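Inside the fold
Here is how the chains run, residue by residue.
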Amino acid sequence: MQDECNSTSSRAEPALLALLNQMRELIARWWSEFTLQTRLMAAATLVVSLIMSGLTFWAVNTIQQDVRLNDTRFGRDLGLLLAANVAPLISEDNRTELARFSHSFYSSTSSIRYILYADEEGDIFLGIPFSESEVQNSLTIRRRMQLPDNFSEKSDVPMVRQHLAPDGEVTDVFVPINHDGKYLGVLAIGINPNATVVTSSHLTRDVTIAVFISIWAMVILGAVFNALMITKPIKELLVGVKNIAAGNFKQRIDLPLGGELGELILNFNEMAERLERYEEQNIEELTAEKAKLETLVATIADGAVLLDTNMCVILTNPTAEHIFGWDGKSVNGENVLYILPDAVKVELTRPLYQLVSGHPPEDIKDGAEFRITIPEPTSRTVRILLTTVLDQYRETVKGIAITVQDITREVELNEAKSQFISNVSHELRTPLFNIKSFIETLHEYGDSLSEPEKREFLETANRETDRLTRLVNDVLDLSRLESNKRYQFDAVDIIQPIEPG
């Protein structure tokens, strides 16, 4: 049975600890929800109430001590006076006169609660307002007086003690009765508490309790008023300000308050309304500007790619998408190094990292230019320009702009022009060489040549000169065609020239 009780007690202890922990967490959570102002108010109220309670209890205790001291003095004097008057009667065993005198003495004042007389053995033989029966028999219960331990029969100083009664603290005075040097017994007098002082003490205590309750009631009412009339609007304003800061300009506060708080809420709603209109206007302007920018970027002949500092694509135009083979793909947000053609990636990886770092080498500090041939999807040659995008103070890199120019036709034209110049040079070299050869021969050996040979040399030089003239005219005609010069053409009947003669 004892083991079962122990096991039950051991199981109850963890449950009690868990309940105490839950209560502590609940109180901590409840306290943490209070604002600093509420906490200070509660602490100040607690301190004031404790101080007032302490002062009140100190005052009550002081009054009670004074009352106890006065009752002690009064009881001692009264006991000594009564003992001196009744000692002769007790020595003569005149209990009738003793009872009469004691009753008169008891009736003369309301301060005496009881009067008891005991003999040398401590047996009570007379008591007021109650008395022992005159008839003694075997059924009579003898009453004895319980004297204090430090009571001395030979002492001239009465012994005093207090005991608590329903109507207050009663002072018990024990006076030894001595007559002619003989110990006759003990006189015990009970002194009632001072009614005025008791009433004053009770009044002071009741007033203190009332003040204590009133203070806390006022604090609770103030806290409720503060929560309903001040804290709630301030919390609503705080939430509204946070929403405004987050960009929610549709935030409004609907609280029917007057005074300064009402005016503050009204001004907050007006501010939110103005910000909303301003935002709508700005959005329209930004949308229009964005549309213009997108149209401009989309219509330029060169490709354009804008990257952020993480080298992710922010903006592209159709030309760049076509050149890099991104047609039909969504590349915004992708790392550009993952989607560039391999030939371009090999050339741009290192410069891009250098530009993003913010400390590029001097040769690419103001930008870099690359000429790259892309074999796929269509073989083409491009010129790529890398330019850093700086902040308004031109200190921090905010992104990189990539400009792509398709120079395939330009390269082809340059190659064709080089080939043409090479061919023209070759074609011009032959007639010039022939003319120079025949003229040098005529100049050096003209005297030794016959007239038919001289004529033949001159005719050959003349033909080569005509050939050279035709080549030069062809080059001039090509130059005129490239200069976009307008020509006036007339209709020609080509049937007659091609008919056989």
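Residues numbered from 1 in each chain as written. Predicted model: local features only at pLDDT ≥ 70, side-chain atom pairs only at ≥ 80, totals over all residues. Heavy atoms only, no water.

Here we look at the overall build of the chain
Filter applied, for reference: Note on conventions: DSSP H or I runs of at least 4 residues are helices, E runs of at least 2 residues are strands, and numbering of each starts at the N terminus. A 1.4 Å probe rolled over the protein chains alone gives each residue an accessible area, and that area as a share of the maximum for its type sets the label: buried under 20%, exposed over 50%, partly exposed in between. Here, two residues are considered to be in contact whenever any of their heavy atoms come within 4.5 Å of each other.
Secondary structure assignment for the chain yields eleven helices and ten strands. A total of 501 residues make up the chain; the buried ones form 27% of that total. Within the chain, counting contacts between residues at least 6 apart in sequence, those at least 24 apart form 48% of the total.

Points about the side chain of T316
Stated formally: Polar contacts, as counted here, are pairs of nitrogen or oxygen atoms within 3.5 Å of one another; within protein the pair requires one atom able to donate a hydrogen and one able to accept it, and residues that are adjacent in sequence qualify only if both atoms are side-chain atoms.
Along the polypeptide, T316 turns up in strand β7 (residues 313–316). Looking at T316, its side chain comes within polar contact range of the side chain of E321, at 2.8 Å.

With respect to the side chain of Q354
Its place among the elements puts Q354 in helix α8 (residues 342–356). Residue classification places Q354 among the buried positions, given a relative accessible area of 19%. Each residue touching Q354, except ones within four places of it in the same chain, is listed here: H359, P360, P361 and I364.

Some details on the confidence of the model for the chain
Put simply, the rule reads: For every residue, the predictor assigns a confidence score, pLDDT, that lies between 0 and 100.
Within the chain, residue pLDDT values average 76, and 80% of them lie at 70 or more. This stretch, residues 131–141, has a pLDDT under 50; its non-local contacts, to residues over four places away or in other chains, come to eight contacts.

A look at the nonpolar core
Nonpolar side chains in soluble globular proteins tend to end up buried together. Put simply, the rule is: Throughout, nonpolar core names a set of buried Ala, Val, Leu, Ile, Met, Phe, Trp, Tyr and Cys residues whose side chains join them through atoms within 4.5 Å.
Residues F324, V336, L352 and I384 are the most contacted members of the largest nonpolar core, which totals 27 residues. Of all the secondary structure elements, the ones that give two or more residues to this core are β6 (303–307), α6 (318–323), α7 (336–339), α8, β8 (368–374), β9 (380–390) and β10 (397–406). Each residue touching F324, except ones within four places of it in the same chain, is listed here: V305, L340, P341, V344, I374, I384 and V404. In this structure, I90, L126, L187 and I189 belong to the second largest nonpolar core, which totals 22 residues.

As for the sheet that holds β10
As a reminder, the rule being used: If DSSP finds at least two bridges between two strands, the strands pair. Axis geometry follows a simple rule: fit a line to the C-alpha atoms, using only the stretch in contact for helices, then measure angles between N-to-C directions, giving values from 0 to 180 degrees.
Read from one edge of the open sheet, five strands run β7-β6-β10-β9-β8, paired in antiparallel fashion. Of all the strands in the sheet, just β7 and β8 have a single pairing partner and so form its edges. Neighbouring strand axes in the sheet, compared pairwise and without regard to direction, differ in orientation by 20 degrees on average. Relative to β10, β9 is paired through nine bridges, and the arrangement is antiparallel. Note that in β10 the partner of T387 across the bridge is A401. Against the sheet, α8 contacts β6, β8, β9 and β10, and its axis sits at roughly 160 degrees relative to β8. Relative to β9, helix α9 (residues 408–445) is tilted by about 130 degrees, and along the sheet it contacts β8, β9 and β10.

Comments concerning the environment of E236
Within the secondary structure, E236 sits in helix α4 (residues 195–245). A residue is classified by how much of its surface remains accessible, and E236, at 32% relative accessible area, is partly exposed. Sequence separation between E236 and I265 is 29 residues; the distance between their C-alpha atoms is 9.3 Å.

Re the pairing of strand β5 (residues 182–191)
Of all the ten residues making up β5, nine are buried; the element is thus mostly covered by neighbouring parts of the structure. When strand β1 (residues 112–118) meets β5, the two strands line up antiparallel, connected through six bridges. Bridged to L116 within β5 is A188.

A short note on helix α3 (residues 95–107)
Basically, it comes down to this: A helix's residues, less one, multiplied by 1.5 Å, set its expected span. Summarising the geometry, the arc corresponds to the directions from the helix axis toward the C-beta atoms.
The terminal C-alpha atoms of α3 lie 18 Å apart, and with 13 residues this matches the ideal 18 Å at 1.5 Å per residue to within 8%. All of the buried residues along α3 are L98, S102 and F105. Viewed along the axis of α3, the buried residues span an arc of 60 degrees, placing them on a single side of the element.

Here's the deal with unusual backbone geometry
Phi at D93 is positive, roughly 60 degrees, even though this residue is not glycine. Among the structural elements, D93 can be located in the loop between α2 (36–91) and α3. With a relative accessible area of 52%, D93 lands in the exposed category. Look at M311: it is not a glycine, yet its phi comes out positive at around 65 degrees. Note on placement: M311 falls in the loop between β6 and β7. Assessed through its relative accessible area of 4%, M311 is described here as buried.

With respect to the environment of T388
Turning to its location among the elements, T388 is positioned in strand β9. We classify T388 as partly exposed; its relative accessible area is 22%. Considering only alpha carbons, one finds T388 and L307, 81 residues apart in sequence, at a separation of 9.5 Å. Residue contacts for T388: discarding those within four places in its chain leaves L355 and G399.

Some details on α8
To be explicit about the condition: Note that the bend at a residue is defined as the angle between axes fitted to the seven residues ending at it and the seven residues starting at it.
Taking 1.5 Å per residue, 15 residues should reach 21 Å; α8 reaches 20 Å between its end C-alpha atoms and fits that length. If you look at α8, its biggest bend is around 45 degrees, right at L348, and the proline P351 turns up within four residues after that. Restricting attention to buried positions, one finds in α8 the residues V344, L348, P351, L352, Q354 and L355. Tucked into the core, α8 has its buried residues touching β6, α7, β8, β9 and β10. Positive phi appears at G358, one or two residues downstream of α8, with a value of about 85 degrees.

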